[in-house]
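# Understanding the architecture of this molecule
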Amino acid sequence: MQLCEILLVLVVGFASGFLNTIAGGGSLLSLPLLIFLGLPPTVANATNRVAVFIQNIFSVAGFQSKGVSAYPYSIWLGISSFFGGLIGAFFAVNIEGEVFNRILAVIMVAVILLTVFGGKSIKTQVEKMDFKHQTYGIIVFFFIGIYGGFIQAGVGFLMIPALTMINGFSLVKTNSAKVFVALFFTFSSLAVFIYEDQVNWIWGLNLAVGSAGGGWVASRWSVNKGDIWIKRFLIVTVFALAIKLWFF
């Protein structure tokens, strides 16, 4: 392990943690880097979860330091996604890179368009926290957990519209719930990968240091800036990542 490689991992980790917290898609930076460093794709997929898990701990702490939380609803979403994450991780054996990337690009653009250009309804609507909408959310997050357990990349782009459309959360509150729930399905999927001996701890922990910093900074920045800046960041991020996935 060379110093330049460590510095590169720390920088990419920071960027990945920032993106994952404020919008999503950070793993689309960290996964290629881990593969570039010589890890097999399945090991890179597993190793990336170490950084994501640590990053989400710091992101949750950052949101809570600003008084933003979806507790106790987020607990139920987390438990549901926990079991979904177990299932997804067990299926995470072989990932068809090019086909998967193109499908993910389409999914990201679709869900983000619904979130961003539905901004007026998100601003004015009242939060829907009755039993029916909470039940819908718990069911949806079970399947999101399966996806997140299978491959982390882009899962934030599924959680954001789920929380804004089903429960009417603001984007700031959505992001606080998103990183909290991600702790649960990342923990369950990481446990499976550790059991299968798929984690490279050296690179995983180095990446986690950068990701933790990015998650902490992004969580506090997003609360200060509010929904309008999150939406702007979402638009730029999602289309840049979608273009990268489709053409490269």
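Calculation rules
- Residues numbered from 1 in each chain as written.
- Predicted model: local features only at pLDDT ≥ 70, side-chain atom pairs only at ≥ 80, totals over all residues.
- Heavy atoms only, no water.
- pLDDT = per-residue confidence, 0-100.
- Helix = DSSP H or I, 4+ residues; strand = E, 2+ residues; numbered from the N terminus.
- Core = buried A, V, L, I, M, F, W, Y, C linked by side-chain atoms within 4.5 Å.
- Buried < 20%, exposed > 50% of the residue type's maximum accessible area, 1.4 Å probe, protein only.
- Contact = heavy atoms within 4.5 Å.
- 1 Å grid on protein atoms, 1.4 Å probe; cavity = no way out; pocket = protein on both sides within 12 Å on 5 of 7 lines; lining within 4 Å.
- Points joined across faces, edges and corners; volume = space filled by probe spheres on them.
- Nonpolar A, V, L, I, M, F, W, Y, C, P; charged D, E, K, R; others polar.
- Phe/Tyr/Trp six-rings, centres within 6.5 Å; stacked < 30°, edge-to-face > 60°.
- Expected span 1.5 Å × (residues − 1).
- Patch = residues over 30% accessible without salt bridge, like charges linked within 9 Å, V, L, I, M, F, W, Y side chains within 5 Å.
- Areas by Shrake-Rupley, 256 points an atom, 1.4 Å probe, with all protein chains shown as cover.
- Salt bridge = Lys/Arg side-chain N within 4 Å of Asp/Glu carboxyl O.
- Axes fitted to C-alpha atoms, helices over the stretch in contact; angles between N-to-C directions.
- Parallel < 35°, antiparallel > 145°, perpendicular 65-115°, else oblique.
- Left-handed = near helix turned anticlockwise from the far one by under 90°.

### Quick look at the confidence of the model for the protein
Here the protein shows a mean pLDDT of 82. Residues at 70 or above account for 76%. Confidence, read as mean pLDDT per element, is least for helix 6 (residues 119-124) in the protein (46) and greatest for helix 4 (residues 73-91) (94).

### Examining the nonpolar core
Core analysis: the largest hydrophobic core is formed by 32 residues, its most contacted members being Phe141, Met159 and Leu163. Listed by contribution, the elements that provide at least two residues to this core are helix 1 (3-22), helix 2 (27-36), helix 3 (41-65), helix 4, helix 7 (131-150), helix 8 (156-166), helix 9 (171-195) and helix 10 (201-225). Excluding residues that lie within four positions of it along the chain, Met159 makes contacts with Phe141, Ile144, Thr174, Lys178, Val181, Ala182 and Phe185. Counting 16 residues, the second largest nonpolar core, distinct from the first, contains Ala92, Val172, Phe180 and Val199.

### A closer look at empty space enclosed by the protein
Within the structure shown, the criterion is met by 1 cavity of 30 Å³ or more. Put simply, the parts of the chain that give the lining of the largest cavity at least two residues each are helix 3, helix 8 and helix 9. Partitioned by chemical class, the residues of the lining of the largest cavity number 7 nonpolar, 8 polar and 1 charged.

### With respect to the packing of aromatic side chains
Evaluation of the coordinates by the stated rule reveals 6 aromatic pairs. Relative to Phe169, the ring of Tyr73 lies with its centre 6.2 Å away and its plane at 90 degrees, an arrangement referred to as edge-to-face. On the criterion of sequence distance, the pair formed by Tyr73 in helix 4 and Phe169 in the loop between helix 8 and helix 9 is long-range, its members being 96 residues apart. Phe169 carries the same exposure label as Tyr73, and that label is buried. On the basis of an interplanar angle of 80 degrees and a centroid distance of 5.3 Å, the ring pair of Phe142 and Phe143 is categorised as edge-to-face. Exposure remark for Phe142: the relative accessible area of 26% places this residue in the partly exposed category. Taken together, Phe53, Phe82, Phe83 and Phe187 form an aromatic cluster joined through their ring pairs.

### Quick notes on helix 9
Between the first and last C-alpha of helix 9 there are 35 Å, a value that for 25 residues agrees with the 36 Å anticipated at 1.5 Å per step. For helix 9, the buried fraction is high: 20 of the 25 residues fall into the buried class. Looking one or two residues beyond helix 9, the residue adopting positive phi is Asp197, at roughly 55 degrees.

### What to know about a nonpolar patch on the surface
On the surface, a nonpolar cluster with roughly 420 Å² of combined accessible area is contributed by Phe14, Ile57, Phe58, Trp216 and Val217. Mapped onto the nonpolar patch, the elements with two or more residues apiece are helix 3 and helix 10. Secondary-structure assignment places Val217 in helix 10. Residue Val217 is classed as partly exposed on the basis of its relative accessible area of 38%.

### As for the packing of helix 8 against helix 9
One way to put it is that helix 8 packs onto helix 9 with a least axis distance of 9 Å and a crossing angle of 125 degrees. It follows from the interaxial angle that helix 8 and helix 9 lie oblique. Note that helix 8 runs across helix 9; the crossing there is right-handed. Along its contact with helix 8, which presents Gly156, Met159, Ile160, Leu163 and Thr164, the element helix 9 presents Leu171, Thr174, Asn175, Ala177, Lys178, Val181, Ala182 and Phe185. Partitioning the contact of helix 8 with helix 9 into residue classes produces 8 nonpolar, 4 polar and 1 charged.

### Side note on the environment of Ala51
Here Ala51 is to be found in helix 3. Its relative accessible area of 1% is what places Ala51 among the buried residues. Taking the C-alpha atoms as reference points, Ala51 and Leu207, separated by 156 residues in sequence, lie 5.6 Å from one another.

### Here we look at the pattern of salt bridges
Tallied over the full model, the rule gives 1 salt bridge. The partner of Glu127 in a salt bridge is Lys173, and the shortest N-O contact between them spans 3.1 Å. Of this pair, Glu127 sits in the loop between helix 6 and helix 7 while Lys173 sits in helix 9, placing them 46 residues apart in sequence. The partly exposed category is assigned to Glu127, whose relative accessible area is 35%.

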